[in-house]
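Next come the chains, spelled out residue by residue.
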Amino acid sequence: MTAQPADVSHRAPPPGAGRWFYDPRVRGWLAQAIVLVLLLWGVYEVVINTQTNLERLNQNFGFDFLDRAAGFDLSTSILSYSSNSSYGKALLVGFWNTALVSVIGIAFATVLGFALGVMRLSRNWVVSRFATVYIEIVRNIPLLLQIFIWYALVLKPLPGPKQAIDLFGSIFVSNRGIITPHPGFGDGSWLAVLLFALALAGTWLFRRWAKARQEATGQRLPVWWISMAVIIIAPLLGLALAGWPVTWSYPELAGFNFKGGMTLVPEFVALLLALSIYTAAFIAENVRSGILAVSHGQTEAAHALGLDRAKTLRLVVIPQAMRVIIPPLANQYLNLTKNSSLAVAIGYPDLMYTGGTVNNQSGKAIEVFSLLLVVYLAISILTSLFMNWFNARIKLVER
């Protein structure tokens, strides 16, 4: 018989000073220490190289330039802004413009994406094929190209202000944008805000009570309709009690443009439509995968209890599918927010656009892009934290 080789997999470490090296914990700490030293060395080299280049260019590092006058105008601004405002104010305007298009885009993309995801699983051949064609076409066309299509081929060819499309006598659509009536709130409007906040808190408490009541008695209340009614009526009641301190500014054609009202510039509309429609295609696939992940036995059990297809989807399937939908949905929200930086291609003054302009004017590239990095990183982290919290709230809990 041939001799079998000895098993060396469990051989004891050799005696001597090197015995500590065979301890997994020691090797783990040693590997982490080496990585940390290399990382600190890399940071040190970057700092020294940057300092050397700044000295060679006779520049210094600092954020004092944020107080200087910007010297340029922005086409869209939620805050009051002019060319005499500071660089810091310009970056703040860019941040709020990014937040505005991102929040509205997330809302539109979520509603449209959920609708398309459900439509793709519809038994109606026309509805399901329409959703399929939409998803496959939209998500395979680059987003930047879609932004150019909406901006250059849809909005810019619209007629000028004198031939603007008139909707209901108070909304006008032209190549200058969408001009709508603009409300102005006077003294006493704080009462409407207060009642709106109280309505939100009250509906939250009401939903909790209604859920506990349903678990105890099995009886459901129209929570959604009652909540929406309270949220809408409460601020209107506050305005009525304050004497209705609301004045409307209506757009009027004056010469070659409109005066009054509120203008949604073509850059904003094109970016919002492109981001919403593009992201909705990916959200639709997340919704479809979440619905398909729910066991078919759940649907059969709901039908056995007498629930129709609509109630089965709303009360049984969707709540269980959310645990699969939410994680990738968070990624799509992050993608939409970061994709908004493509606004620079059509001149919408978002954070990236204003940051680039400030950099060109001040020459403070390191400082400006460091601020942009921190802001985008903070937005992403806050969005992830909120979605993780929401995901923990809706996850299934084993009894």
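Okay, so let's go over this structure. Computed from a predicted model, the values in this text were never measured in an experiment.

Attention shifts here to helix α5 (residues 190–217). Taking 1.5 Å as the rise per residue, α5 with 28 residues should run 40 Å; its terminal C-alpha atoms sit 40 Å apart, in good agreement. Of all the positions in α5, only A192, A199, T203 and A210 are classed as buried. Packed against the buried residues of α5 are α6 (223–241). G218 lies just past α5 and shows a positive phi near 85 degrees.

Here strand β2 (residues 171–174) pairs with strand β3 (residues 177–180) via 3 bridges, running antiparallel. By the bridge assignment, S174 is partnered in β3 with G177. Linking β2 back to β3 in an antiparallel pair, the connection comprises 2 residues. Relative to strand β8 (residues 262–264), β3 is paired through 3 bridges, and the arrangement is antiparallel.

General note: in soluble globular proteins, nonpolar side chains tend to be found buried as a group. Counting 44 residues, the largest nonpolar core has V101, Y134, F268, L271, I283, I325 and L329 as the members making the most contacts within it. For this core, the elements supplying multiple residues, two or more each, are α2 (87–120), α3 (125–138), α4 (143–155), α7 (266–292) and α9 (309–339). The biggest single contributor to this core is α7, with 15 residues. Filtering out sequence-adjacent residues up to four positions away, V101 remains in contact with F268, L271, L272, L275, S340 and Y348. Core analysis: the next-biggest nonpolar cluster, separate from the first, contains 15 residues, A70, F72, Y87 and V368 among them.

So, on to the packing of aromatic side chains. A complete count under the given rule lists 9 aromatic pairs for this structure. Ring centres of F72 and Y81 lie 6.5 Å apart, and the angle between their planes is 50 degrees; on these two criteria the pair is classed as tilted. Neither F72 nor Y81 differs from the other in exposure class; each is buried.

Look at F168: it is not a glycine, yet its phi comes out positive at around 65 degrees. Examined against the element boundaries, F168 turns out to sit in the loop between β1 (165–167) and β2. Relative accessible area serves as the criterion here: at 79%, F168 is assigned to the exposed category. Unlike most non-glycine residues, W244 shows phi in positive territory, near 50 degrees. Turning to its location among the elements, W244 is positioned in the loop between α6 and β5 (246–249).

Moving on: the pattern of salt bridges. The final tally for this structure, using the stated rule, is 4 salt bridges. Two residues, E285 and R288, come together in a salt bridge whose shortest N-O distance is 3.0 Å. Placement of both E285 and R288 in helix α7 is noted, with a separation of 3 residues, approximately one turn of the helix. Connected through salt bridges with shared partners, the residues R120, E136, R139, E285 and R288 form a single ionic network.

Attention now moves to the layout of surface pockets. Roughly 2,400 Å³ of internal volume is contained in the largest pocket. Lining the largest pocket are 34 residues; nearest its centre among them are R207, K211, Q214, P319 and I394. When contributions to the lining of the largest pocket are tallied by element, the ones reaching two or more residues are α5, α6, α9 and α11 (365–394). In terms of residue class, the lining of the largest pocket is made up of 20 nonpolar, 5 polar and 9 charged. Here the second largest pocket is characterised by a volume of approximately 490 Å³. Lining the second largest pocket are 16 residues; nearest its centre among them are L121, I291, T299, R309 and L313. Of all elements in the fold, only α7, α8 (296–304) and α9 reach the threshold of two or more residues within the lining of the second largest pocket. Considering each element in turn, the lining of the second largest pocket owes the most residues, 5 residues, to α9. A per-class count over the lining of the second largest pocket returns 8 nonpolar, 6 polar and 2 charged.

Position of P181 relative to the elements: it lies in the loop between β3 and β4 (182–185). Residues P181 and G261, 80 residues apart in the sequence, show an inter-C-alpha distance of 4.5 Å. Among all residues touching P181, those that are not within four sequence positions of it are S170, I171, W248, S249, Y250, P251, G261 and M262.

This paragraph deals with the sheet that holds β2. Strands sit in the order β1-β2-β3-β8 across an open sheet of 4 strands; the sheet is antiparallel. The open sheet has two free edges, formed respectively by β1 and β8, since each of these has just one partner strand. Averaged over all pairs of adjacent strands, the angle between strand axes in this sheet comes to 20 degrees, irrespective of strand direction. Note: β1 against β2, 3 bridges, orientation antiparallel. Its bridge partner being in β2, D166 is matched across the sheet by F172.

Another aspect to go through is the packing of α7 against α9. At a minimum axis separation of 8 Å, α7 and α9 run at an interaxial angle of 145 degrees. As for how α7 packs across α9, the hand of that crossing is right-handed. Between α7 and α9, the residues in contact are L275, Y278, T279, F282, I283, N286, V287, G290 and I291 and L313, V317, I318, A321, V324, I325, P328, L329, Q332, Y333, L336 and N339, respectively. Residues belonging to the contact of α7 with α9 are distributed by class as follows: 16 nonpolar, 5 polar and no charged.

Each value, and the rule that gives it
Along each chain, residues carry numbers from 1 onward, in the same order as the chain's sequence is written. This being a predicted model, a pLDDT of at least 70 is required before a residue's local features are given, and a value of 80 or more before pairs of side-chain atoms are given or counted; all residues contribute to the totals for chains, interfaces and linings. Side-chain numbers come from the whole structure's heavy atoms, not from hydrogens or water. Under the scheme used here, helices are H or I runs from DSSP no shorter than 4 residues and strands are E runs no shorter than 2 residues, and both carry numbers assigned from the N terminus. One fewer than the residue count of a helix, multiplied by 1.5 Å, yields its expected span. Accessibility here uses a 1.4 Å probe with only protein chains present; expressed as a share of the type maximum, an area under 20% marks a residue as buried, one over 50% as exposed, and anything in between as partly exposed. Contacts are residue-level and defined by heavy atoms, with any inter-residue pair within 4.5 Å sufficient. Strands are treated as partners if at least two bridges between them are detected by DSSP. By nonpolar core is meant a set of buried Ala, Val, Leu, Ile, Met, Phe, Trp, Tyr and Cys residues that side-chain atoms within 4.5 Å join together. Stacked, edge-to-face and tilted are the three classes for Phe, Tyr and Trp ring pairs, Trp counted by its six-membered ring, which pair at centre distances within 6.5 Å; planes under 30 degrees apart are stacked, over 60 edge-to-face, the rest tilted. The term salt bridge refers to a pairing of a side-chain nitrogen on Lys or Arg with a carboxyl oxygen on Asp or Glu at a separation within 4 Å. Using a grid of 1 Å spacing that covers the protein atoms alone, one calls a set of points a cavity when a 1.4 Å probe fits there but cannot get out, and a pocket when the set is open and has protein on both sides within 12 Å along at least five of seven lines; lining residues are those with an atom within 4 Å of a point. Grid points are joined across faces, edges and corners, and a volume is the space filled by probe spheres set on the points. For this classification, Asp, Glu, Lys and Arg are treated as charged, while Ala, Val, Leu, Ile, Met, Phe, Trp, Tyr, Cys and Pro are nonpolar and the rest, including Gly, are polar. Axes here refer to lines fitted to C-alpha atoms; in helices the fit is confined to the stretch in contact. Angles between the N-to-C directions go from 0 to 180 degrees. Put simply, a crossing is left-handed when the front helix is turned counterclockwise from the back one by less than a right angle, and right-handed when it is turned clockwise.

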